[in-house]
Amino acid sequence: MDVGELLNYQPDRGAKRPREEDGGSAGAEEDLRGGKQQKGLARYREAAAGVGIETGIDIRENEELTGDKKKILERLMDQDEEELEAEPVDESSVKKMILTFEKRSYKNQELRIKFPDNPEKFMESELDLNDIIQEMHVIATMPDLYHLLVELNAVHSLLGLLSHENTDVAIAVVDLLQELTDIDTLHESEEGAEVLIDALLEGQVVALLVQNMERLDEQVKEEADGIYNTLAITENMAEFRPGLCTEAAQQGLMQWLLKRIKAKMPFDANKLYCSEILAILLQNNDNTRELLGEMDGIDVLLQQLSVFKRHNPSTAEEQEMMENLFDGLCSCLMLPTNRDRFLRGEGLQLMNLMLREKKMSRTSALKVLDHGMIGPEGADNCHKFVDILGLRTIFPLFMKTPKKMKKTGASEKEHEEHVCSIIASMLRNLKSQQRSRLLNKFTENDCEKVDRLMELHFKYLEAVQQADKRIEGEKHEMVRQGEILDDSMEDEFYLRRLDAGLFVLQLICYIMVEISNSGISQLQQRVHQILNLRGGSVKVVRHIMREYAESIGDGKSDEFKEAERKRIMDLVDNF
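Note that this is a predicted model, so its numbers are computed, not measured. (Residues numbered from 1 in each chain as written. Predicted model: local features only at pLDDT ≥ 70, side-chain atom pairs only at ≥ 80, totals over all residues. Heavy atoms only, no water.)

A. The arrangement of the overall build of the protein chain in detail. A count of helices and strands for the protein chain gives 31 helices and zero strands. Counting all 575 residues of the protein chain, 49% fall into the buried class. Within the protein chain, contacts between residues separated by at least 24 positions form 75% of all contacts whose residues are at least 6 apart in sequence. (Helix = DSSP H or I, 4+ residues; strand = E, 2+ residues; numbered from the N terminus. Buried < 20%, exposed > 50% of the residue type's maximum accessible area, 1.4 Å probe, protein only. Contact = heavy atoms within 4.5 Å.)

This is how it looks when you write it as structure tokens:
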């Protein structure tokens, strides 16, 4: 190939139709447009494989080019790229693009209806449609023009294409929607984002996305990517507008996620993403928790987690999925009706086994038990836990915090908080024989558990006192500078005290006053003996418990709060 030929060579622009004499077959066309179609139209790829492209340069020839010829070619290529980039993206060009999209969509639909059994007739229109969808990705760089997509009805048309007979077109639409709803882009223009999200929700976007996922085959890479991007769309929208989680779950997303999580397929990125979306849907949302419970989702979560009873996750990604499933389970247990489902599904037995097996799942199993046994709704679980010999599992963890905590990323404080919370819940909820068994544990081996309790008491008391000292210093400084200490500042300070260990300290003090009031004089004497020995004070314990009683029962009824406060204050007065 000489310089003359090179100068006449024009790289294909992608948008032009191939001339008849270029071989004009659909396959060649697709190859000519390859630059535009990143993932598209697998169906016609096989045809394309057999057809050569006459306008292209043969690779072997390319290697033989001399330096001068290469430079000329590079200059031509650069020139061509500049020409492509020169077209500005503004309101009129976006309108033109949307109009072209609508025309091509309509034409493709018309030809498909007219020639349903003759793909050659509508193949070209489908490629054109795919091209314009790819071009529309540029709109994602201009979120303030999103209103045009809504005003010109493009959102409605795009949603319609999610059920297009050719899954490659539907996947192209998913890719576009994923880019349009990218969370960083949405925050660039709140106004444009609101308009787009409203239009998508009005068009039942989640239901359509779920229907599309139902027909995709994850053995095909493009279709597996399509599912991943679909999940990304739901995550983006949920992050921008958390309120839509209930609606999304009800439109079939929850059911699809549970089905995909329990599918017997090797672990992959999609399964990890499903677990993440599930955890997001269940966060702070009683409607989705109820829905999951009704769909037997608690059983699905327990089945999936049972794998990690005796085996650690093999990769960091699998560990992340395990944590997501545990988080979802903890969220579900915030709803009282799900506690019963957890009990019936033998969740307690599974968590107890995990605690004994000493695998990575142990830390999360402890958290699940804490969520399942807390409050008056956890009474049945507390009794069952004692019946399945859970005391033998929990007290060794109380006596000694495991060293292997670092591997799972949990802190010592977190571990001690969950263990103390479980013991406090049992002291609160257990009756008759089970309660006696729990209290007997504290008298075993010369009250060693009371000694450990007091050791933790002084450990956390010191941490909280140091935090209080720092906070007092800051308050003093703020007052000196004339700043006002409003409620939000006070709340922030309180949260900092809780972080420093105030909550664990409150739980420990609660256990102290409970066992002191148990009627076993040996326990009461031991608690007071160690308090006096280490210069502790009953007054401090009472003060901590009063503060605990004041903050009790968020989201509970007033009668419950009042009764619980009175119960705690009676214990304190007898202490």
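B. Here's a closer look at unusual backbone geometry. With phi around 40 degrees, S432 is a residue other than glycine that occupies positive phi space. With respect to the helices and strands, S432 occurs in helix α27 (residues 432–480). Even without a glycine there, the phi angle at D446 is positive, about 55 degrees. The residue D446 is located in helix α27 in this model.

C. Structural view of the pattern of salt bridges. Evaluation of the coordinates by the stated rule reveals 33 salt bridges. Salt-bridge contacts for E514 lead to R435; the nearest nitrogen and oxygen are separated by 3.1 Å. Separated by 79 residues along the polypeptide, E514 in helix α28 (residues 487–516) and R435 in helix α27 bring together distant segments of the chain. Like E514, the residue R435 is buried in the burial classification. One connected set of salt bridges, linked through shared partners, spans E412, E416, R452, E455 and K459. (Salt bridge = Lys/Arg side-chain N within 4 Å of Asp/Glu carboxyl O.)

D. Quick look at the packing of aromatic side chains. Applying the stated rule across the entire model yields four aromatic pairs. Considering the side-chain rings of Y228 and Y273, the 4.6 Å spacing of their centres and the 50 degrees angle between planes classify their relative orientation as tilted. Placement of Y228 in helix α14 (residues 221–240) and of Y273 in helix α16 (residues 269–282) is noted, with a sequence separation of 45 residues between them. The buried category is assigned to Y273, whose relative accessible area is 7%. Considering the side-chain rings of F395 and F442, the 5.5 Å spacing of their centres and the 85 degrees angle between planes classify their relative orientation as edge-to-face. Linking F395 in helix α24 (residues 391–399) with F442 in helix α27, this pair joins segments that are 47 residues apart in sequence. Both residues of the pair, F395 and F442, count as buried. Joined through ring pairs, the aromatic side chains of F395, F398 and F442 make up one cluster. The cationic tip of K121 hangs over the ring face of F115; the distance from NZ or CZ to the ring centre is 5.4 Å. (Phe/Tyr/Trp six-rings, centres within 6.5 Å; stacked < 30°, edge-to-face > 60°. Lys NZ or Arg CZ within 6 Å of the ring centre and 35° of its normal.)

E. Region of the structure containing helix α10 (residues 167–180). With 14 residues, α10 ought to run about 20 Å at 1.5 Å a step, and its terminal C-alpha atoms sit 20 Å apart, in line with that. α10 sits mainly inside the fold: twelve of its 14 residues count as buried. Among the residues of α10, T167, D168, V169, A170, I171, A172, V173, V174, D175, L176, L177 and L180 are the ones counted as buried. Of the residues flanking the start of α10, the one acting as N-cap is N166, its side-chain oxygen 2.9 Å from the backbone nitrogen of D168. (Expected span 1.5 Å × (residues − 1). Polar contact = N/O pair within 3.5 Å; in protein donor to acceptor, adjacent residues only side chain to side chain.)

F. Main features of the side chain of K449. Looking at the secondary structure, you find K449 in helix α27. Here the side chain of K449 touches E444 through a polar contact of 3.5 Å, side chain to side chain. Sequence-distant contacts of K449, that is, excluding residues within four places in its chain, are made with F395, F398, M399, K441, F442 and E444.

G. Just the environment of K459, in detail. Along the polypeptide, K459 turns up in helix α27. K459 sits in the partly exposed class, given a relative accessible area of 35%. Sequence separation between K459 and G501 is 42 residues, and the spatial gap between their C-alpha atoms is 9.4 Å. Setting aside anything within four residues of it in sequence, one finds K459 in contact with E412 and E416.

H. How the structure looks around the packing of helix α19 (residues 316–332) against helix α22 (residues 361–373). Closest axis-to-axis distance for the α19/α22 pair is 9 Å, and the angle between their directions is 10 degrees. Between α19 and α22, the crossing angle belongs to the class labelled roughly parallel. Residue-level contacts link M322, E323, F326, D327, L329 and C330 of α19 to S361, S364, A365, K367, V368 and H371 of α22. Here the residues of the contact of α19 with α22 are counted per class, giving six nonpolar, three polar and three charged. (Axes fitted to C-alpha atoms, helices over the stretch in contact; angles between N-to-C directions. Parallel < 35°, antiparallel > 145°, perpendicular 65-115°, else oblique. Nonpolar A, V, L, I, M, F, W, Y, C, P; charged D, E, K, R; others polar.)

I. Here's a closer look at a negative patch on the surface. Taken together, the side chains of D144, D184, E188 and E239 make up a negatively charged region of the molecular surface. Looking at the element boundaries, E188 is found in helix α11 (residues 183–188). Under the relative-accessibility criterion, E188 is labelled exposed at 57%. (Patch = residues over 30% accessible without salt bridge, like charges linked within 9 Å, V, L, I, M, F, W, Y side chains within 5 Å. Areas by Shrake-Rupley, 256 points an atom, 1.4 Å probe, with all protein chains shown as cover. Lys, Arg positive; Asp, Glu negative; His and termini not counted. Charge placed at Lys NZ, Arg CZ, Asp CG, Glu CD.)

J. Up close: the confidence of the model for the protein chain. Model confidence for the protein chain is summarised by a mean pLDDT of 85, while 83% of its residues fall at 70 or above. Mean pLDDT across the secondary structure elements of the protein chain bottoms out at helix α2 (residues 26–32), with 38, and peaks at α16, with 97. Confidence drops under pLDDT 50 across residues 9–65; counting only partners more than four residues distant or on other chains, this segment forms 89 contacts. (pLDDT = per-residue confidence, 0-100.)

K. How the structure looks around the environment of P143. Along the chain, P143 turns up in the loop between α7 (119–135) and α8 (146–151). Sequence spacing of P143 and E190 is 47 residues, and the spatial spacing of their C-alpha atoms is 8.5 Å. With sequence-adjacent residues up to four places away left out, P143 is seen in contact with T185, E188, S189 and G192.

L. Structural view of the side chain of N236. With respect to the helices, strands and loops of the structure, N236 is situated in helix α14. A polar contact of 3.2 Å, which involves the side chain of N236, links it to the backbone oxygen of T181. Filtering out sequence-adjacent residues up to four positions away, N236 remains in contact with Q178, T181, D182, I183 and L186.

M. Expanded view of the nonpolar core. L149, M351, M426 and I515 are the most contacted members of the largest nonpolar core, which has 149 residues in total. Broken down by element, this core gets its largest block of residues, twelve residues, from α27. Among all residues touching M426, those that are not within four sequence positions of it are M373, C382, F385, V386, L391, I394 and L438. (Core = buried A, V, L, I, M, F, W, Y, C linked by side-chain atoms within 4.5 Å.)

N. Representation of the packing of α28 against helix α31 (residues 558–574). Contact geometry for α28 and α31: axes closest at 9 Å, N-to-C directions at 65 degrees. Here α31 runs roughly perpendicular to α28, going by the angle between their axes. Handedness of the α28/α31 crossing: left-handed. Between α28 and α31, the contacting residues are Y510, V513 and E514 on the first element and R567, I568 and L571 on the second. Partitioned by chemical class, the residues of the contact of α28 with α31 number four nonpolar, no polar and two charged. (Left-handed = near helix turned anticlockwise from the far one by under 90°.)

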